[in-house]
Amino acid sequence: MAELRITQIKSGVGGKDYQRATLRTLGLKRIGQTVVREDRPEVLGMIRTVAHLVEVEEVK
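Residues numbered from 1 in each chain as written. Predicted model: local features only at pLDDT ≥ 70, side-chain atom pairs only at ≥ 80, totals over all residues. Heavy atoms only, no water.

It is worth spelling out the overall build of the protein at this point. Within the protein, the regular secondary structure consists of 2 helices and 3 strands. In the protein, the order of α-helices and β-strands from amino to carboxyl end is β-α-β-α-β. For 60 residues, the compact-globule estimate of 2.2 N^0.38 gives 10 Å, and the protein sits close to it at 11 Å. Dimensions of the protein, computed from C-alpha atoms along their principal axes, come out at roughly 35 × 20 × 15 Å. Looking at the protein as a whole, 28% of its 60 residues are labelled buried. For the protein, long-range pairs separated by at least 24 residues make up 73% of all intrachain contacts whose partners lie at least 6 apart in sequence. Surface exposure of the protein reaches about 4100 Å², of which carbon and sulfur atoms provide 50%. (Helix = DSSP H or I, 4+ residues; strand = E, 2+ residues; numbered from the N terminus. Rg over C-alpha atoms; globule rule 2.2 N^0.38 Å. Buried < 20%, exposed > 50% of the residue type's maximum accessible area, 1.4 Å probe, protein only. Contact = heavy atoms within 4.5 Å. Areas by Shrake-Rupley, 256 points an atom, 1.4 Å probe, with all protein chains shown as cover.)

What follows concerns the packing of helix α1 (residues 17-26) against helix α2 (residues 41-49). Direction vectors running N to C along α1 and α2 enclose 135°, while the axes themselves pass 9 Å from each other. The angle between α1 and α2 falls in the class oblique. Handedness of the crossing formed by α1 with α2: left-handed. Contact with α1, carried on its side by Tyr18, Gln19, Thr22, Thr25 and Leu26, involves Val43, Met46 and Thr49 of α2 and no other residues of that element. Class assignment for the residues of the contact of α1 with α2 results in 4 nonpolar, 4 polar and no charged. (Axes fitted to C-alpha atoms, helices over the stretch in contact; angles between N-to-C directions. Parallel < 35°, antiparallel > 145°, perpendicular 65-115°, else oblique. Left-handed = near helix turned anticlockwise from the far one by under 90°. Nonpolar A, V, L, I, M, F, W, Y, C, P; charged D, E, K, R; others polar.)

With that settled, consider the sheet that holds strand β2 (residues 34-38). Strand pairing in a sheet relies on backbone hydrogen bonds, with the paired strands running either antiparallel or parallel. In spatial order, the strands read β2-β1-β3; together these 3 strands make up an open sheet with antiparallel pairing. Both outer strands of the open sheet, β2 and β3 (54-59), are each paired with one neighbouring strand and no more. With strand direction ignored, the average angle separating the axes of adjacent strands in the sheet is 25°. Pairing geometry for strand β1 (residues 3-8) and β2, over 5 bridges, is antiparallel. For glutamate 3, the partnering residue across the bridge sits in β2 and is glutamate 38. (Pairing = 2+ DSSP bridges.)

Evaluation of the coordinates by the stated rule reveals 3 salt bridges. Among the salt bridges present, the one from glutamate 42 reaches arginine 40, with a minimum N-O distance of 3.2 Å. For glutamate 42, a relative accessible area of 47% corresponds to the partly exposed category. Judged by its relative accessible area of 36%, arginine 40 falls in the partly exposed class. (Salt bridge = Lys/Arg side-chain N within 4 Å of Asp/Glu carboxyl O.)

It is worth stressing that arrangement in space is one thing and function is another; only the former is reported here.
And the structure:
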């Protein structure tokens, strides 16, 4: 499976509770922070939930 590099580009402040919880579950705490996660259906669903707050690129 491929890996995804997920970077938070916008703040979760002012967002809905479930969106802030999703950012925390992904491991993102601040703007500019980057995490690497596997390309799994669960992770893709979380990314879809906060797509407007994160930037995603595939790691080769």
